[in-house]
Amino acid sequence: MGKPEAAVEEPIVARVVHRSVLVEQAPGRPVIKLMLNLAPQGRAFVAGADVAFLAPGSEAPQGLRRYSIDSVGKVPFEESVDITLYVRDHGVVPDRSTVSFLAELRQGDSVPLYGPFAYPFYPPMGSRSNMILIGAGCGVVPFRHLAHKIQARRLDWMGKVLMLEGDETGLERLYLNEPGVDQDQYFDGATQRAFDALKTRYSATAFDRTAGVQANVDALWRLMGQGRVYVYLAGYRAIAEAMDRTMSDYLRLPGRWQEAKEALIRDGHWLEILYD
Ligand SMILES: Cc1cc2nc3c(=O)[nH]c(=O)nc-3n(C[C@H](O)[C@H](O)[C@H](O)COP(=O)(O)OP(=O)(O)OC[C@H]3O[C@@H](n4cnc5c(N)ncnc54)[C@H](O)[C@@H]3O)c2cc1C
């Protein structure tokens, strides 16, 4: 796991067949829904897999940014498919980010599309594990499909779940999945319900968005100490490194955080996808 696969195939040119703005106003960030038509060229485009795009001026594979395919429709009488995805606009335009480039696309435009890439996260076995989801600078958007996968098993989730996100350490905010308020992260009703199903035994000390890093750090470490825990981490490498430093400072014992993390990695209980 880590960066998108090293050997990235040539992009396929996709055409925008539909564009709409899903979330427009505050408090959420704008979310754009795009339907793209493409000839699969023997590649398997399925819901839940990721595709990737490149901001103008950046290079693959480092500059690729992933977007999960929400749905796929076969176009009748044609060797092509329509894929639908959502793009959450972070409003930051550093020499044109991928998001600003995608947000400017209009019906009829063409765009080089990379992938598909396998979705990086698998759910724990059974339904009793504890889970920690950390969005390091990208919100909880990368975990939408994980929530769907768990929901598809039709089990009541018995483990505790902690969902955190933040742009500095990934630990700044508790994700509460509030209807409306958080639509710029869950995007649609089905995902809102899938995240909600995980929240039945939410392991937060307080159901308070403003509880702050310290309360979240406490909650994270406490949950890691309860065993049977899976940690899912997605986002920027630098933010993930800041999280490591925050946790090491909190524990004060040199190497303690790294040790705990490495044990989870060894057991396949720490799954991450990080990019620069
Ligand atoms: C498995 C996976 C699936 C994903 N699926 C989706 C998806 O379906 N839809 C979707 O919109 N995104 C998705 N993402 C996130 C997406 O890949 C990018 O991280 C995001 O779109 C930002 O890319 P960018 O190139 O525009 O910004 P970058 O050029 O990488 O960053 C530009 C600047 O903006 C800042 N920034 C970036 N994102 C944010 C943010 N959310 N809040 C505040 N500041 C930010 C960065 O720190 C940086 O300073 C997914 C990520 C993963 C790993």
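Asks: Just checking my understanding: could you explain helix α4 (residues 189-198) for this structure?
Replies: Of all the residues in α4, the buried ones are T191, Q192, A194, F195 and L198. In an axial view of α4, the angular spread of the buried residues amounts to 165°, which keeps them on one side of the axis. Considering only its buried residues, α4 is in contact with α2 (144-152), β9 (161-166) and α3 (183-186).

Asks: Even after reading the chapter, I still don't get the site of the ligand, so can you show me in this structure?
Replies: Taken together, 26 residues are adjacent to the ligand, and H90, S97, T98, V99 and P142 come closest. Among the secondary structure elements, those contributing two or more residues to the shell around the ligand are β4 (64-68), β6 (81-88), α1 (98-103) and β11 (229-236). The class makeup of the residues in the shell around the ligand is 15 nonpolar, six polar and five charged. Built from parts of two domains, the shell around the ligand gets at least three residues from each of domain 1 (12-117) and domain 2 (130-275).

Asks: What's the story with the sheet that holds β11 in this structure? I'm lost.
Replies: Two modes of strand pairing occur in sheets, parallel and antiparallel, and in both the strands are linked by backbone hydrogen bonds. Taken in spatial order, the five strands of this open sheet run β10-β9-β8-β11-β12, and their pairing is mixed. Lying at the two open borders of the sheet, with one neighbouring strand each, are β10 (173-174) and β12 (270-275). With six bridges connecting them, β11 and β12 associate as parallel partners. Within β12, the position partnered with L233 by the bridge is E272. Across the face of the sheet, helix α5 (residues 212-225) comes into contact with β8 (130-136), β9, β10 and β11 while running at roughly 140° to β9.

Asks: Mind showing me how you'd approach the environment of A240 here?
Replies: For A240, the position within the fold is in helix α6 (residues 237-251). By the C-beta count within 10 Å, which is 19 here, A240 ends up partly exposed. Setting aside anything within four residues of it in sequence, one finds A240 in contact with A136, G170, L233, G235 and L274.

Asks: In this structure, what is going on with α2? I would like to understand it.
Replies: At 3.6 residues per turn, the α-helix brings residues three or four places apart onto the same side. By the burial criterion, the buried members of α2 are R144, H145, L146, A147, H148 and I150. Summarising the contacts, the buried residues of α2 are in contact with β4, α3, α4 and β11. Residue R154 follows α2 closely and has a positive phi angle near 55°.

Asks: Hey, could you run me through the sheet that holds strand β3 (residues 50-54) in this one?
Replies: Reading across the sheet, the seven strands line up as β4-β3-β7-β1-β2-β6-β5 and stay open at both edges, with antiparallel pairing between neighbours. Strand pairing shows two members of the sheet lacking a second neighbour, β4 and β5 (71-74), which therefore form its edges. Neighbour to neighbour, the strand axes of the sheet diverge by 40° on average, direction disregarded. Two strands pair when backbone bridges link them, and strand β1 (residues 12-23) and strand β2 (residues 31-38) are joined in this way by seven bridges, in the antiparallel orientation. Its bridge partner lying in β2, R15 is registered against N37.

Asks: Honestly, the packing of α2 against α4 in this entry has me stumped. Any pointers?
Replies: To characterise two packed helices, one gives the angle between the axes of the helices and the distance between these axes. At their nearest, the axes of α2 and α4 sit 9 Å apart, and the two run at 70° to each other. Taken together, the axes of α2 and α4 lie roughly perpendicular to each other. Residue-level contacts link R144, A147, H148, I150 and Q151 of α2 to T191, A194, F195, A197 and L198 of α4. A class-by-class count of the residues in the contact of α2 with α4 yields six nonpolar, three polar and one charged.

Asks: Looking at this structure, I do not really get the domain arrangement of the chain. What am I missing?
Replies: Interfaces are often sized by the accessible area lost when the parts come together. You can read the domains of the chain as domain 1 (12-117) and domain 2 (130-275). Tallying the contact residues gives 10 residues for domain 1 and nine residues for domain 2. Every element with two or more residues in the side of domain 1 that touches domain 2 is listed here: β1 and β6. Its residues assigned to classes, the side of domain 1 that touches domain 2 shows five nonpolar, three polar and two charged.

Asks: Could you clarify how one ought to interpret unusual backbone geometry in this entry?
Replies: For residues other than glycine, phi is negative in most cases, and the peptide bonds are mostly trans. A cis amide bond, omega 0°, links A60 with the succeeding residue P61. For P61, the location among the structural elements is in the loop between β3 and β4. A cis amide bond links G115 with the next residue in sequence, P116, at an omega value of 10°. Secondary-structure assignment places P116 in strand β7 (residues 110-117).

Asks: Can you help me understand the environment of Y175 in this one?
Replies: Tracing the backbone through its elements, the reader meets Y175 in the loop between β10 and α3. For the pair Y175 and L133, spaced 42 residues apart in sequence, the C-alpha separation works out to 9.4 Å.

Quick notes on the rules
- Along each chain, residue indices are assigned from 1 in the same order as the chain's sequence is written.
- Restriction of local features to residues with pLDDT of at least 70 applies here, the model being predicted, together with a cutoff of 80 or more for giving and counting side-chain atom pairs; totals for whole chains, interfaces and linings are based on all residues.
- With C-beta atoms placed from the backbone, a residue counts as buried when 20 or more other C-beta atoms lie within 10 Å of its own, as exposed when 12 or fewer do, and as partly exposed for counts between those limits.
- Strands here are runs of E lasting at least two residues and helices are runs of H or I lasting at least four, both read from the DSSP assignment and numbered beginning at the N terminus.
- In this context, the arc is that of the directions from the helix axis out to the C-beta atoms.
- Working definition of a contact: two residues with C-beta atoms, positioned from the backbone, lying within 7 Å.
- For each residue, a C-beta atom is positioned from the backbone; the residue is called near a molecule or strand if that atom sits within 6 Å of it.
- Following the grouping adopted for this structure description, the nonpolar residues are Ala, Val, Leu, Ile, Met, Phe, Trp, Tyr, Cys and Pro, the charged ones are Asp, Glu, Lys and Arg, and the polar ones are all others, Gly among them.
- As annotated, the domain borders come from an automatic or database domain assignment.
- Only strands that DSSP links by at least two bridges are regarded as paired with each other.
- Axes, fitted as lines to C-alpha atoms, cover a helix only where it is in contact. Angles between the N-to-C directions of the axes lie from 0 to 180 degrees.
- For classification purposes, an angle smaller than 35 degrees is called roughly parallel, one larger than 145 roughly antiparallel, one from 65 to 115 roughly perpendicular, and anything else oblique.

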